[in-house]
Amino acid sequence: MLFRGINSVSLDAKGRMALPARVRELLNEVSEGRVVVTIDLEKKCLLLYPLPLWDEIQTQLEALPNVDPVARRLQRMLIGHATDLELDGSGRILLPPLLRDHAEFQKKLIVLGQGKKLEIWSEEHWAAEQEAHREVGLADFKSSPSLQSISL
């Protein structure tokens, strides 16, 4: 499974977001339309995972030692905010108010493919994120040793 590309979608007054057709097809294929949405730890966006993939991630998170305060915070934030959702007959998901509030969603949203997951951004936060990337330019990418082997 591979999520890629960027789409603009709308959030309706009830908090429902329609997923792009290609995304719906993939999710119906790999998880029967069942997904988990949680918060991103660094940015004001949400992360959407097909349920089987999230189950693997949650197993890894639960295996972390609870006595490690960093691991415990990670578990609280990611598992604690993880919400099971299902696509309705129209290919929409109902995003809970707490998750919408975290990401400061308004009406216009951006759905960004990130391989095995999707990021969901408010249009405003995504525009700010893109501007920040442009300001940094390629300098960060060129200086990262782990990215030296990638040819774009």
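Refer to the structure printed above.
Residues numbered from 1 in each chain as written. Predicted model: local features only at pLDDT ≥ 70, side-chain atom pairs only at ≥ 80, totals over all residues. Heavy atoms only, no water.

(A) Region of interest: the pattern of salt bridges. A complete count under the given rule lists 5 salt bridges for this structure. The closest approach of N and O atoms between Asp 12 and Arg 16, which form a salt bridge, is 2.6 Å. Judged by relative accessible area, which is 25%, Asp 12 ranks as partly exposed. Residues Asp 88 and Arg 92 are paired through a salt bridge, measuring 2.9 Å at the closest nitrogen-oxygen approach. (Salt bridge = Lys/Arg side-chain N within 4 Å of Asp/Glu carboxyl O. Buried < 20%, exposed > 50% of the residue type's maximum accessible area, 1.4 Å probe, protein only.)

(B) Layout of the nonpolar core. The biggest cluster of nonpolar side chains holds 24 residues, and the ones touching the most others in it are Met 17, Val 37, Leu 46, Ile 93 and Leu 95. Secondary-structure elements contributing two or more residues to this core are helix H1 (21–31), strand S3 (34–39), strand S4 (45–50), helix H4 (97–103), strand S7 (108–114) and strand S8 (117–122). Beyond its immediate sequence surroundings of up to four residues, Leu 95 is in contact with Leu 11, Gly 15, Met 17, Val 37, Leu 46, Leu 85, Arg 100 and Phe 105. In this structure, Val 36, Tyr 49, Leu 51 and Leu 53 belong to the second largest nonpolar core, which totals 8 residues. (Core = buried A, V, L, I, M, F, W, Y, C linked by side-chain atoms within 4.5 Å. Helix = DSSP H or I, 4+ residues; strand = E, 2+ residues; numbered from the N terminus. Contact = heavy atoms within 4.5 Å.)

(C) The arrangement of the side chain of Thr 38 in detail. Within the secondary structure, Thr 38 sits in strand S3. Only 2.8 Å separates the side chain of Thr 38 from the backbone oxygen of Leu 78, close enough to count as a polar contact. Thr 38 has contacts with Leu 46, Leu 47, Tyr 49, Trp 54, Met 77, Leu 78, His 81 and Ala 82, leaving out every residue within four places of it along the chain. (Polar contact = N/O pair within 3.5 Å; in protein donor to acceptor, adjacent residues only side chain to side chain.)

(D) Main features of the sheet that holds strand S1 (residues 6–10). Pairing within the open sheet is antiparallel, and its 6 strands lie in the order S1-S7-S8-S4-S3-S5. A single partner strand is all that each edge strand has here, and the edge strands are S1 and strand S5 (83–86). On average, adjacent strands in this sheet sit at an angle of 30° to one another, irrespective of strand direction. Here 4 bridges tie S3 to S5, and the two strands are oriented antiparallel to one another. Residue pairing across strands places Val 37 opposite Thr 83, the latter belonging to S5. Across the sheet, helix H3 (residues 69–81) is in contact with S3 and S5; its angle to S3 comes to roughly 140°. Lying over the sheet, helix H5 (residues 123–136) contacts S1, S7 and S8, oriented at roughly 105° with respect to S8. (Pairing = 2+ DSSP bridges. Axes fitted to C-alpha atoms, helices over the stretch in contact; angles between N-to-C directions.)

(E) Representation of the environment of Asp 55 within the structure. Locating Asp 55 in the fold gives a position in helix H2 (residues 51–63). On a C-alpha basis, the gap between Asp 55 and Val 36 in space is 9.0 Å, while along the polypeptide they are 19 residues apart.

(F) Quick peek at the packing of aromatic side chains. If you walk through the whole model with that rule in mind, you get 2 aromatic pairs. When the ring of Tyr 49 is compared with that of Trp 54, the centres are 5.4 Å apart and the planes differ by 50°; the resulting orientation is tilted. Tyr 49 gets classed as buried once you look at its relative accessible area, which sits at 10%. (Phe/Tyr/Trp six-rings, centres within 6.5 Å; stacked < 30°, edge-to-face > 60°.)

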